[in-house]
Every structure is written in structure tokens, then in C-alpha cells.
Amino acid sequence: MSSTEGRKRLEPRMSRGSWRFQAWAAGAMMVLSALLALLKLVPNDGWDPVSFWLYTALFIITVIQLLRLLRVRRNDAPLWDEEEARRADWDRRGRSL
């Protein structure tokens, strides 16, 4: 019997591949929003506080999204490993026929 039986996923439809895509997208968005916020600190034509706070809010939201993805990874990793082992066993049985 599997050790993860009965556990529920945080995101039932999230696979390992979709998690990787979302993590890369959140990381890129975090870097871009941080750069945009830092560029608004340098006064070219005057300081624009509205844009600075919007980019800072975008950065904070992206960090929260990345933390949520890390939580999903921690909770779903055993389930992903179990699915991969089940697929590998299925492939091994099919090839032995």
C-alpha cells in the first residue's frame, strides 16, 4: 500500500511540468518587477511614486505566488513521485509482454 494514499493535493490538476512552468514564470516576473521598481527610484524627469508603488505591489504579489508554489511542491512531491513510479511500472510490464 502506498504511503501517500489518502493525502489530498493542494492543486489537484497541477503536474510537475506545469509547476516548473509556473515557477519559471513567477521568477521572471519577480525579477522584472524588481528592476522596474528600482528604476523608478532613479529620478529622470522627477520621481513617480504611483508607478513605484504599483511595481512594488506587483513584486510582493509575485513573491507570494512563488511562496505558494513552493508550498505546493513540498506537499505534492511525494504524489508526483508515486505517479512516476506507477507509470514506470506500467511501462516495464508492457515491455515485458
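Quick summary incoming for the structure in this document. (Residues numbered from 1 in each chain as written. Predicted model: local features only at pLDDT ≥ 70, side-chain atom pairs only at ≥ 80, totals over all residues. Heavy atoms only, no water.)

### Thoughts on the overall build of the protein chain
Okay, so step 1: Helix and strand counts for the protein chain stand at 2 helices and 0 strands.
Okay, so step 2: Considering the protein chain as a whole, with its 97 residues, one finds that 18% of them fall into the buried category.
Okay, so step 3: Sequence-distant contacts in the protein chain: of pairs separated by 6 or more residues, those separated by 24 or more amount to 76%.
Okay, so step 4: Entry remark: accessible area of the protein chain is about 7700 Å², with carbon and sulfur atoms responsible for 63%. (Helix = DSSP H or I, 4+ residues; strand = E, 2+ residues; numbered from the N terminus. Buried < 20%, exposed > 50% of the residue type's maximum accessible area, 1.4 Å probe, protein only. Contact = heavy atoms within 4.5 Å. Areas by Shrake-Rupley, 256 points an atom, 1.4 Å probe, with all protein chains shown as cover.)

### Re the packing of aromatic side chains
Okay, so step 1: The final tally for this structure, using the stated rule, is 1 aromatic pair.
Okay, so step 2: Judged by centre distance (4.9 Å) and plane angle (70 degrees), the rings of Phe-52 and Trp-53 are edge-to-face.
Okay, so step 3: Across the ring face of Trp-19, the terminal group of Arg-73 is positioned such that the distance to the ring centre comes to 5.0 Å. (Phe/Tyr/Trp six-rings, centres within 6.5 Å; stacked < 30°, edge-to-face > 60°. Lys NZ or Arg CZ within 6 Å of the ring centre and 35° of its normal.)

### Looking at the environment of Ala-57
Okay, so step 1: One can find Ala-57 in helix H2 (residues 49-96).
Okay, so step 2: On the accessibility criterion, Ala-57 (34% relative accessible area) is partly exposed.
Okay, so step 3: Taking the C-alpha atoms as reference points, Ala-57 and Ser-33, 24 residues apart in sequence, are found 8.9 Å from one another.

### A look at helix H1 (residues 16-41)
Okay, so step 1: The end-to-end C-alpha separation of H1 is 38 Å, in line with the 38 Å expected for 26 residues at 1.5 Å each.
Okay, so step 2: Among all positions of H1, only Trp-19, Ala-23, Ala-26, Ser-33 and Ala-37 are buried.
Okay, so step 3: Close packing links the buried residues of H1 with H2. (Expected span 1.5 Å × (residues − 1).)

### With respect to the nonpolar core
Okay, so step 1: Judged by nonpolar contacts, Met-14, Trp-19, Ala-23, Ala-26, Leu-69, Val-72 and Trp-80 together constitute the single largest core of 7 residues.
Okay, so step 2: Secondary structure elements with two or more residues in this core: H1 and H2.
Okay, so step 3: Once you skip the residues sitting within four places of it in the chain, Ala-26 turns out to touch Thr-62, Gln-65, Leu-66 and Leu-69. (Core = buried A, V, L, I, M, F, W, Y, C linked by side-chain atoms within 4.5 Å.)

Function cannot be read off these values alone, since they describe shape.
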